[in-house]
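# Coordinate inspection notes
Residues per chain are reported as follows:
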Amino acid sequence: MGRYVIRRLLQMIPVFFGATLLIFLMVNVMGDPIAGLCGDRACDPATAAQLRKEFGLDKPVWQQYLTYMGNVFTGDFGTAFNGQPVTELMGQAFPVTIRLTIVAIFFEIVIGITLGVVTGLRRGRPVDTGVLLMTLVVLSVPTFVTGLIVQLLLGVKWGWISPAVSSDAPIDELIVPGLVLASVSLAYVTRLTRTSIAENKRADYVRTATAKGLPRRRVITRHLLRNSLIPVVTFIGADIGALMGGAIVTERIFNIHGVGYQLYQGIVRQSTQTVVGFVTVLVLVFLLANLIVDLLYAVLDPRIRYA
Amino acid sequence: MRGATHAKWAALATAVALAATACGGGDDGGGGGGGGADGIVSSSWTDPQNPLEPANTNEVQGGKVLDMIFRGLKRYNAKTGAAEDMLAEKIVTTDSINFTVTVKTGWTFSNGEKVTAKSFVDAWNYGANLKNNQKNAPFFGYIEGYDQVHPESGQPKAQTMSGLKVVDDQNFTVKLTQKFSTWPDTLGYSAFSPLPQSFFDDHAGWLAKPVGNGPYTIQSYAKGSQMELTRWNDYPGTDKAQNGGITLKVYTDNNTAYTDLTAGNLDLVDDVPASQLKNVSADVGDRYINEPAGIIQTLSFPFYDPAWNKPGQEKLRQGLSMAIDRQQITETIFQKTRTPAVDWTSPVLGEDGGFKDICGEFCKYDAAEAKKLVAEGGGIPGGTMKISYNADTGSHKEWVDAVCNSINKALGNTKACVGNPIGTFADFRNQITESKMPGPFRAGWQMDYPLIQNFLQPLYYTGASSNDGKYSDPDFDKLVNQANAETDTAKAVELFQQAEGVLRDDMGAIPLWYQNGSAAYSDRVENVALNPFSVPVYNEIKVK
C-alpha cells in the first residue's frame with residue numbers, strides 16, 4: 001500500500017507540471033493583459049512598459065513559467081492586478097468554496113445514495129419511476145436556470161432566504177446554493193447507486209447472506225451497499241474537484257465570493273497570476289481527491305489490494 | 001477496517017451539522033443601521049480593478065470611493081456639471097500658461113492633518129512619477145517638467161516637476177507647457193486630489209484603509225467583499241453627508257445585486273442590468289433613474305489602414321453613418337437607456353458647455369442617401385467590413401449585429417457588414433494599440449471632466465493619447481489649439497464646435513449614441529440622483 005501511494009504521488013508530478021504549463025500558455029495566448037487595465041483608453045506606453053516589467057510580462061513565456069513555478073514552491077503565488085497577493089485572495093476564497101463543496105457533497109451522499117438504494121431495491125415500482133423522472137428533469141435543466149428560479153422563488157417571492165449570500169458566507173446561507181450546485185451530481189449519484197444496487201441484488205454473496213438468515217438491514221448495508229458503492233465513490237471523488245472549479249455559475253448567482261468568482265474575475269481581467277494560482281491549487285485538489293478515491297476502493301472491497 | 005467507512009461518513013455528517021449550528025444566525029442582510037439622519041445606505045459595488053489611489057483609479061467603481069473620501073480644488077456640480085471652486089480660494093492666470101492656485105484655509109484630512117499647498121504638489125508629483133506606475137499619470141502631462149519625471153522610455157530624470165512650486169502654506173504656482181485656458185476646470189478630476197503625509201510615510205497602510213479629506217471616512221475595508229464608510233462629523237465643507245454612512249457591497253453579478261434590491265436587502269443599485277430593464281418599472285416604480293451621462297459610443301475607423309484612408313472616402317463614412325437607424329436600435333436593443341447621438345460630445349455639457357446638433361443629417365437614418373453616398377465614396381473596401389468588438393463584457397454583440405443589419409438593409413447587400421467578436425477586452429485593446437483592426441471598431445469614451453475639450457482633444461487630435469483610429473486633420477488640430485489658447489470660455493467653446501464641424505465633414509468617427517446612467521433604489525431612501533459621471537451623489541441621499 002505504501003509503495004502504491006508513493007508511486008501515485010510521483011505520477012502526480014508530471015501531471016501537475018503539464019496542467020499548470022497548459023494553463024499558463026492558455027492565459028498567455030489571450031493577449032497582453034496590461035492593455036485592458038486602462039479601460040477604454042490607451043495605457044500610457046511608459047507606464048504600461050513599467051507595469052509589464054513589474055509583473056514579469058516582458059520576458060519570454062518559458063522564462064515567466066520557470067520563474068513562476070520557482071516562486072510557487074516558496075509559497076509565492078504572485079500579485080493580482082489590484083495589488084493583492086494571490087495567496088491572500090486564496091485565503092479568502094477557498095474556505096468559502098470548501099464550505100460550499102462540503103454542503104454539496106453532503107447532499108449528494110445523503111440524498112443521492114438514499115434515493116439510489118430505495119429505487120434500486122424497488123425497481124419498476126412507482127417510487128422508482130417517480131425518482132427516475134425527477135432525476136431526468138434535474139439533469140435536463142441547466143444549473144443556472146435552477147439557480148435563478150430557486151433564488152427568485154425562495155429569495156424574492158417567498159422571502160425564505162436572502163437572495164445574496166453575505167460576504168462571510170456561513171453554512172446556513174450556503175444550504176440552498178449547495179443544493180443547487182449539487183443538483184446535477186445528485187441526480188447522477190442516485191442513478192449510479194440505483195443501477196449498481198439493482199445489479200448486485202442478484203449476486204451470489206447477497207443470496208448467500210440472505211440464505212444464512214442475516215437480517216435484511218444488515219444484508220443491504222454491509223453486503224449489498226458496500227459493494228455497490230465503488231462506482232459511486234469514484235464519481236463523488238472526481239466530483240469534488242469538478243464542484244470546486246465548476247462553482248462559477250452558482251457562485252455568481254448567489255453572490256458567493258469563492259474560487260469560482262475569483263477565477264471569473266481573473267479571466268475577465270486576464271490576471272495571469274490569479275488564474276494560474278487558483279488553477280494550480282485546483283489541480284492539486286483534483287489529484288489528491290483521485291488518490292483518496294483509489295485508496296477507498298481497498299476499504300470498500302478487500303479483494304482489491306495495492307502492491 | 002470494518003467500521004471505518006461508517007465512522008468516516010458519520011464524522012463528516014457531524015462536522016457539517018456542527019458547523020451549521022455554530023454559524024447560524026449570522027444575518028447581516030437588510031440596509032442596517034437606524035433610520036433618519038444617521039441611517040446607513042447600502043449600495044452595490046464591484047471590486048476596483050486597480051489599487052485605490054487617486055492617480056491610479058481610472059474606472060467608476062474606485063472612482064465612487066474617491067468621490068466620497070476626497071475633495072479637490074474644484075468640484076463638478078452634480079446637476080449641471082459646471083466646475084465650481086471647492087478647496088480653491090482662487091486660481092488666477094494672465095497668460096493661460098502660468099497659474100497661481102490659492103488653497104482655502106480651515107481644511108484638514110480626516111486624520112487631523114492640514115490640507116496645504118504642499119498636499120497638492122506632493123500628490124501631483126507622486127501621480128506623475130513613472131516609478132509609481134500611476135495609470136492616470138498622463139493627466140499631469142500639461143505641467144512643465146512632466147517629461148522629466150515621466151519620460152517615454154528609461155528612468156525618470158527628476159523626482160518632481162519643475163512647473164510646480166510651493167509658495168507658502170496656502171499658495172502654489174503651476175506652469176504649463178502650452179496655453180490651456182480651461183485647465184483649472186480639469187482640476188475636479190479625482191487624480192488631482194490632495195494626499196496626506198501618511199500616504200507617503202506608510203503607503204501599504206494607507207492603501208489598506210485610505211484617508212482623505214471628503215465628507216466620509218473609511219470605517220473598514222474588506223477587499224473583495226465590502227467597504228463601510230461613515231460620515232465624518234468634523235468635515236469642514238458645505239456638502240456634508242445627509243446620511244450616517246454608506247456600505248458598499250461587492251456583488252459577483254449586477255443581476256444578483258438587482259435581485260437583492262427587489263428582495264429589500266439593498267438600498268441602491270447604480271447599474272441596472274440590461275436583462276432587467278423590462279421589469280424595472282414594475283419592480284421599483286418611479287424609483288428608477290435613467291438619464292444621459294457623459295459617455296458617448298462611436299464607431300472608429302482604422303485610418304492607419306490604407307484601404308480606409310483614401311481621398312473621397314469621407315463620403316463612404318458619412319454614408320455608413322446615415323445607414324444606421326439609431327432611433328430603432330436605442331429603443332429595441334437598449335430599452336431607451338441610450339440616446340441617439342447628434343454630435344461627438346454629450347448632452348451633460350449643456351448648450352453653454354458646447355453640446356449642439358452638429359452632425360445634422362449625417363446622423364439621421366436615410367437609406368437611399370446612404371446608399372448613394374457609399375457608392376460615391378468608392379464602396380466598402382473589400383466589399384465587406386467587419387465591426388470589431390470585445391465579446392467578454394458589455395453585451396456588445398447585440399448592438400453590433402443590429403448596426404450591421406441596419407447597414408446591410410440600407411445598402412441592399414447582405415454581405416456589406418458583419419460583426420467581428422474578439423475574445424477578451426485586453427486582447428481587443430491590444431489589437432487597437434498595435435493598429436491591427438481589420439475595419440471599423442467600437443469605441444467608447446467616458447469623460448474625465450465635463451469639458452468639450454475632453455471629448456475632442458484626447459480622441460481626435462493628431463497623436464493624442466486615445467486617438468485609437470489615428471485620425472489626423474491639420475484644420476482640426478489648429479482649431480483645437482486656438483480654442484485652448486482662448487481665454488473667453490464662450491469663444492473657446494465655439495472654436496471647439498468649429499473643430500467638430502471638421503470632424504463631421506471628414507466623419508472621423510461615427511457617433512452612435514450617448515449612454516445613460518441607470519439606477520434603482522429602495523423605498524427606504526430618497527433624494528437619490530446620479531451626477532454627470534453616472535455616479536450616485538451619495539452625500540445627498542437621505543434615509544427615511
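Residues numbered from 1 in each chain as written. Chains lettered and ligands numbered in written order. Predicted model: local features only at pLDDT ≥ 70, side-chain atom pairs only at ≥ 80, totals over all residues. Heavy atoms only, no water.

Here we take up the nonpolar core. In this structure, Leu 73, Trp 124, Phe 140, Phe 172, Val 174 and Leu 320 of chain B are the most contacted members of the largest nonpolar core, which totals 138 residues. Broken down by element, this core gets its largest block of residues, eight residues, from helix H13 (residues 396-411) of chain B. Ignoring any residue separated from it by four or fewer positions in sequence, one finds Phe 140 of chain B in contact with Ala 55, Trp 124, Gly 127, Ala 128, Tyr 146, Met 161, Ala 191 and Phe 192 of chain B. Judged by nonpolar contacts, the second largest core, of 45 residues, contains Val 96, Ile 105, Ala 169 and Ile 220 of chain A. (Core = buried A, V, L, I, M, F, W, Y, C linked by side-chain atoms within 4.5 Å. Buried < 20%, exposed > 50% of the residue type's maximum accessible area, 1.4 Å probe, protein only. Helix = DSSP H or I, 4+ residues; strand = E, 2+ residues; numbered from the N terminus. Contact = heavy atoms within 4.5 Å.)

Mapped onto the elements of the fold, Gln 49 of chain B is located in the loop between strand E1 (40-45) and helix H2 (60-69). Non-local contacts of Gln 49 of chain B, meaning those with residues more than four positions away in its chain, are made with Gly 36, Leu 37, Phe 81, Asn 82 and Arg 269 of chain A together with Glu 59 of chain B.

What follows deals with the side chain of Gln 64 of chain A. Mapped onto the elements, Gln 64 of chain A comes out in helix H3 (residues 61-72). If we skip the residues at most four places from it in the chain, Gln 64 of chain A touches Phe 24, Asn 28, Gly 56, Leu 57 and Lys 59 of chain A.

Time to look at the environment of Ser 388 of chain B. Residues and elements named next belong to chain B. Mapped onto the elements of the fold, Ser 388 is located in strand E14 (residues 385-390). In this structure Ser 388 touches Asn 420, Ile 422, Phe 428, Met 437, Pro 438, Pro 440, Phe 441 and Arg 442, once residues within four positions along its chain are discounted. A distance of 2.9 Å separates the side chain of Ser 388 from the side chain of Asn 420, its partner in a polar contact. (Polar contact = N/O pair within 3.5 Å; in protein donor to acceptor, adjacent residues only side chain to side chain.)

Turning our attention to the interface of chain B and chain A. In this assembly, 66 residues from chain B lie in contact with 55 residues from chain A. Of the roughly 5,200 Å² buried where chain B meets chain A, counting both sides, 55% is carbon and sulfur surface. Contact with chain A buries surface across chain B, with Gln 49, Asn 133 and Thr 252 of chain B losing the most and accounting together for 14% of the total. Along the contact surface separating chain B from chain A lie one salt bridge. When the shortest N-O distance is used, the salt bridge between Arg 252 of chain A and Asp 253 of chain B registers 3.3 Å. Looking at the side of chain B that touches chain A, the elements with two or more residues in it are helix H1 (4-22), helix H7 (254-262), helix H14 (425-433) and strand E16 (441-446) of chain B. Ranked by the residues each element gives to the side of chain B that touches chain A, the list is headed by H1 of chain B, at nine residues. (Buried area = accessible area lost by both parts, 1.4 Å probe. Salt bridge = Lys/Arg side-chain N within 4 Å of Asp/Glu carboxyl O.)

These figures capture arrangement, not role.
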